[in-house]
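A closer look at the structure
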Amino acid sequence: MIERLLSDAFRRYYRSHEVPAPPAVERREFGVGAYGRKIVKRHMSFATEREFQNYLKTNAPHYISYSVGYFEYPDAPSMEEKHLLGADLIFEFDSDELGLFSPNDVWICPHCRAKGFVKEFLEKGKNPVACPRCGDPVKVIMFPDPDREERLKEEVDTLVKDFLLDEWGLSPKEIALNFSGNRGYHVHIRSDAFRELDKDARIELTEYITGQALDVRYFFDVTHYPIRGPKPSDPGWPGRVARAVVRALERAKRVSDLVVLGMDAASARKLFHDRAMFVESVKRGVWPIPGTRGEDVFAPIQRLVKGLSPYMGKEVDTNTSVDIHRLIRVPDTIHGGTGLLAKRLKDIWSFDPFKDAVALPSRPELEVEVDIAPEFEFAGETWGPYRNQKLLLPLHVSIYLMSRGVARWTLTSES
Amino acid sequence: MSDFYALFPFLPGARRLLPENLSLDLIPEQVLASASSRLKNILSKRPDYTTVLSAREEVFHYVLMRLLVSILGTDYYYDRFARYYAERTRRQAAHLDDFLAEAGADPEFLDVPTYMSFRHIYPETKLYHLPVKGGQVFFPRRLFPYLAGTVAYSLVRSSLPADVSDVPPAFKDYARAAVPVTVSSGPTRGWGFVKRLLSAEGIPDGKKRILLFWIIPYLANVKGLSVDEVVARVQEWLSRQGGQKVLISWVRSDAELAKKKGIRPWSLKKVEQTDPALVKMLREMGVL
């Protein structure tokens, strides 16, 4: 029933909106999904943009994804037969992977079914990790939060401006940005120069962005005394690390600020007192690092690296960037789970996903049983808070709450 | 100067050392045989004693080896040939500035996509450890040898495969002679051909079929190895071959199936009937 309701709404949307096909549509493999299953059929292809649009209008799939790869025979049944010609490079940003918790989020324990708001944890200075009742790991359900959105946009902006445009020298035309339709953003790099890179090259490029495999010892020349190292004005990661060290020293108000970076107390004390001289020296590429025998003097610098990547040092799933056979949501199509549009963005800062990407209509209204939901903004209105309530809500909010796993549809009202 | 081109015979300037109106028909058998045997050393990663040759001979050898490796016609061999010159270039610290100038490469940087296409030559120079700005990868002085090696690789690789349409037929035999196949000393009857396959190197295509038809059933049910041993042996074999990756999970499931059902290796005759292209390719490589 819900499937039919959604299919009708999707069809109405696709009939009134022309969705542009991805570039080089004839070289892409497509996959479509139904309610609750992102891919039920793949190895599909469309010869033209018109064919693709007609498919959306006729079939209104709940999910439609396309390959990051370009194939000679995109509809061939196996990857070998498709004959890969190249692939876009995609970076995915999801707020849940980056661990950006908001007091507005809801936690649920899958084991004992206890639930509550994340602010209960945050007020105690804890992260929502273990259920306070049974100790099992909890599941955090994220709700719209303007601060988190700002933070996520900042990270995407850093990736695009600092890494892709400034360092990799890409032109803005080679970068496409879209909302994922759920919790984050996708950055597509469609540069001819990067298209033919193999999997290993993609892993290295992804590591460049995450900073995960970076070893700061490569930046230093220990054959000189004092050690020679990067200057803040240097390009790439060496300069970024030098700037971070200078920033950390300039912000340090007490010795303990350096100790938390992993320095031993004696070295931290010495460095804190001489920090002005140290900063001046680093600006010239000379690093008079105080260190005691046997101590890894680069460990505190290595620790700083974590916070410098757009992924904030988090262990993110980079499969999307590395896997050249991956299917990814077609921009400007509806995410069947949330009812939000995977909208192409020209300016990320003026985009509000919970207002601008709402694709479903408000009618019909559905009667839903909401377990728990905070007060949140959606489709330009404020909803909630709800706790164990039966409500009549517009279609878009109902679907959104159901996708979060905090509501169930009980029956349809034809109001 | 002659030493310089002996070290870098692939540089554009080295071409002027070649005689004008060079005719491949007039090349003495002895020179061709020596180039073929050098190529065999290069392809099998054996030491290559080149210092005795003059610059002119080196350039001449390079041209011949380029033709021979083009006749072999596999990416794996092109890569190995280019890597040989990359490594040789990396070691010539005294000539690096001259080399980069002659190669027309900027001695300080490469653009990111070019660097990423050739960075597998020296994976120790990871992109995130180098200064990157405006789409250019800057090389600190200490990494110049790596930069030179990368440039050498790209120069050699970009000239491969060479046009072999006018090459005399005798070259084909010398090309085949350069294929680095170590044939086992075991009996040539029975499963001798599977042993040859097991000792072969640089097979670029058909690896999965070779494993499926012969190697996995042979190891599992003729040699009686356990599944883990089969997987380890196949992994070692795959590391010596070219072309695309074969998933180990696939190898394991195939070994388990072969073990469970007691599948024996197919005879050469049967494979020749069902997959003549595979047998033809292996014969052309000199493996069978």
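Residues numbered from 1 in each chain as written. Chains lettered and ligands numbered in written order. Predicted model: local features only at pLDDT ≥ 70, side-chain atom pairs only at ≥ 80, totals over all residues. Heavy atoms only, no water.

Comments concerning the overall build of chain A
The helix and strand tally for chain A stands at 15 helices and 20 strands. Principal axes of the C-alpha set define a box for chain A whose edges measure 75 × 55 × 35 Å. Across the 415 residues of chain A, 52% fall into the buried class. The long-range share in chain A, meaning contacts at least 24 apart out of those at least 6 apart in sequence, stands at 66%. Taken as a whole, chain A presents about 19,100 Å² of accessible surface, with 48% of it coming from carbon and sulfur. A gap of 3 Å separates the mean positions of the 59 positive and 62 negative side-chain charges of chain A. (Helix = DSSP H or I, 4+ residues; strand = E, 2+ residues; numbered from the N terminus. Buried < 20%, exposed > 50% of the residue type's maximum accessible area, 1.4 Å probe, protein only. Contact = heavy atoms within 4.5 Å. Areas by Shrake-Rupley, 256 points an atom, 1.4 Å probe, with all protein chains shown as cover. Lys, Arg positive; Asp, Glu negative; His and termini not counted. Charge placed at Lys NZ, Arg CZ, Asp CG, Glu CD.)

Some thoughts on the confidence of the model for chain B
Here chain B shows a mean pLDDT of 85. Residues at 70 or above account for 94%. Below pLDDT 50 for its whole length, residues 184-188 of chain B participates in five contacts with residues either more than four positions away or in separate chains. (pLDDT = per-residue confidence, 0-100.)

Comments concerning a negative patch on the surface
Residues and elements named next belong to chain A. A surface patch of like charges, here negative, comprises Asp352, Asp356, Glu375 and Glu377. In this fold, Glu375 is placed in the loop between strand S16 (365-373) and strand S17 (376-378). Taking relative accessible area as the criterion, Glu375 reaches 47% and is therefore assigned partly exposed. (Patch = residues over 30% accessible without salt bridge, like charges linked within 9 Å, V, L, I, M, F, W, Y side chains within 5 Å. Salt bridge = Lys/Arg side-chain N within 4 Å of Asp/Glu carboxyl O.)

Re the sheet that holds strand S11 (residues 184-189) of chain A
Residue and element names in this part refer to chain A. Judged by pairing direction, the sheet is antiparallel, and its four strands sit side by side in the order S6-S11-S10-S15 without closing on themselves. Only two strands of the sheet have a single partner each, and these edge strands are strand S6 (89-94) and strand S15 (344-345). Summarising the sheet, strand S10 (residues 175-179) and S11 pair through five bridges and their orientation is antiparallel. In the sheet register, Ile175 faces S11, and the bridge partner there is Ile189. On the sheet, helix H5 (residues 146-167) packs against S6, S10 and S11 and is oriented at approximately 15° with respect to S11. (Pairing = 2+ DSSP bridges. Axes fitted to C-alpha atoms, helices over the stretch in contact; angles between N-to-C directions.)

Considering the interface of chain B and chain A
On the chain A side, the residues contacting the 22 residues of chain B number 24 residues. Carbon and sulfur atoms supply 61% of the area buried between chain B and chain A, which totals about 1,800 Å² over both sides. Our enumeration of links across chain B and chain A arrives at two salt bridges. Inspection of the chain B/chain A interface yields nine residue pairs in polar contact (both at pLDDT 80 or more). Counting only elements with at least two residues in the side of chain B that touches chain A, the list comes to helix H6 (112-118), strand S2 (132-133) and strand S3 (136-138) of chain B. Element by element, the count of residues in the side of chain B that touches chain A is highest for H6 of chain B, at five residues. (Buried area = accessible area lost by both parts, 1.4 Å probe. Polar contact = N/O pair within 3.5 Å; in protein donor to acceptor, adjacent residues only side chain to side chain.)

Some points on the side chain of Asn182 of chain A
All names here are of chain A. If you trace the backbone, Asn182 turns up in the loop between S10 and S11. Take Asn182: its relative accessible area is 14%, and that puts it in the buried class. Looking at Asn182, its side chain comes within polar contact range of the side chain of Arg404, at 2.5 Å. Sequence-distant contacts of Asn182, defined by excluding residues within four places in its chain, comprise His335, Thr338 and Arg404.

Comments concerning the sheet that holds strand S8 (residues 115-117) of chain A
All names here are of chain A. Spatially, the three strands line up as an open sheet ordered S8-S7-S9, and their pairing is antiparallel. What marks the edges here is a single partner per strand, and that holds for S8 and strand S9 (139-141). Each strand of the sheet is rotated relative to its neighbour by a mean of 25°, with strand direction disregarded. Pairing analysis gives three bridges linking strand S7 (residues 106-108) to S9, with the strands arranged antiparallel. For Val106, the partnering residue across the bridge sits in S9 and is Ile141.

Describing helix H5 (residues 96-103) of chain B
All names here are of chain B. Among all positions of H5, only Leu96, Phe99, Leu100 and Ala103 are buried. All buried residues of H5 project into a common sector of 95° when viewed along the axis, lining one side. Directly after H5, the chain includes Gly104, whose backbone phi takes a positive value near 75°. (Arc of directions from axis to C-beta.)

A closer look at the packing of aromatic side chains
The geometry of an aromatic ring pair is captured by two quantities: the separation of the ring centres and the angle between the planes. As enumerated under the stated definition, the model contains 43 aromatic pairs over all chains in all. Ring plane angle 70° and centroid distance 5.6 Å describe the contact between Phe46 of chain A and Phe52 of chain A, whose orientation is recorded as edge-to-face. Taken together, a centroid distance of 6.0 Å and an interplanar angle of 65° make the contact between Phe163 of chain A and Trp237 of chain A edge-to-face. Taken together, the residues span a long stretch of sequence, with Phe163 of chain A in helix H5 and Trp237 of chain A in helix H8 (residues 236-251) at a distance of 74 residues. Classification of Trp237 of chain A as buried rests on a relative accessible area of 0%. Through successive ring pairs, a cluster of aromatic residues spans Phe4, Tyr5, Phe8, Phe10, Tyr62, Phe81, Tyr84, Tyr85 and Phe99 of chain B. (Phe/Tyr/Trp six-rings, centres within 6.5 Å; stacked < 30°, edge-to-face > 60°.)

Side note on the pattern of salt bridges
For the coordinates displayed, the defined rule picks out 30 salt bridges over all chains. As a salt-bridge pair, Arg42 of chain A and Glu29 of chain A come within 2.8 Å of each other at their nearest N and O atoms. Residue Arg42 of chain A is located in strand S2 (residues 37-44), and its partner Glu29 of chain A is located in the loop between helix H1 (2-16) and strand S1 (30-34); the two are separated by 13 residues in the primary sequence. Its salt-bridge partner being Glu87 of chain B, residue Arg90 of chain B comes within 2.9 Å of it at the nearest N-O pair.

Quick look at the environment of Leu147 of chain B
Residue and element names in this part refer to chain B. Inspection of the secondary structure assignment puts Leu147 in helix H7 (residues 144-158). Of the residues examined, Leu147 reaches a relative accessible area of 0% and is grouped as buried. Leu147 sits 110 residues away from Ser37 along the chain, and the two C-alpha atoms are 29 Å apart. With sequence-adjacent residues up to four places away left out, Leu147 is seen in contact with Leu100, Asp106, Pro107, Glu108, Leu110 and Phe139.

A closer look at the domain arrangement of chain B
Residue and element names in this part refer to chain B. Annotation of chain B at the domain level lists domain 1 (2-177) and domain 2 (192-284). Computed over C-alpha atoms, the centres of domain 1 and domain 2 are 33 Å apart. Between domain 1 and domain 2, the residue contacts involve six residues of the former and seven residues of the latter. Taking both partners together, domain 1 and domain 2 bury about 470 Å²; carbon and sulfur atoms supply 53% of that area. The interface formed by domain 1 and domain 2 contains zero salt bridges. At the junction of domain 1 with domain 2, the criterion picks out zero residue pairs in polar contact (both at pLDDT 80 or more). With three residues, helix H4 (residues 75-91) is the single largest residue contributor to the side of domain 1 that touches domain 2. In terms of residue class, the side of domain 1 that touches domain 2 is built from two nonpolar, two polar and two charged. (Domains from an automatic or database assignment. Nonpolar A, V, L, I, M, F, W, Y, C, P; charged D, E, K, R; others polar.)

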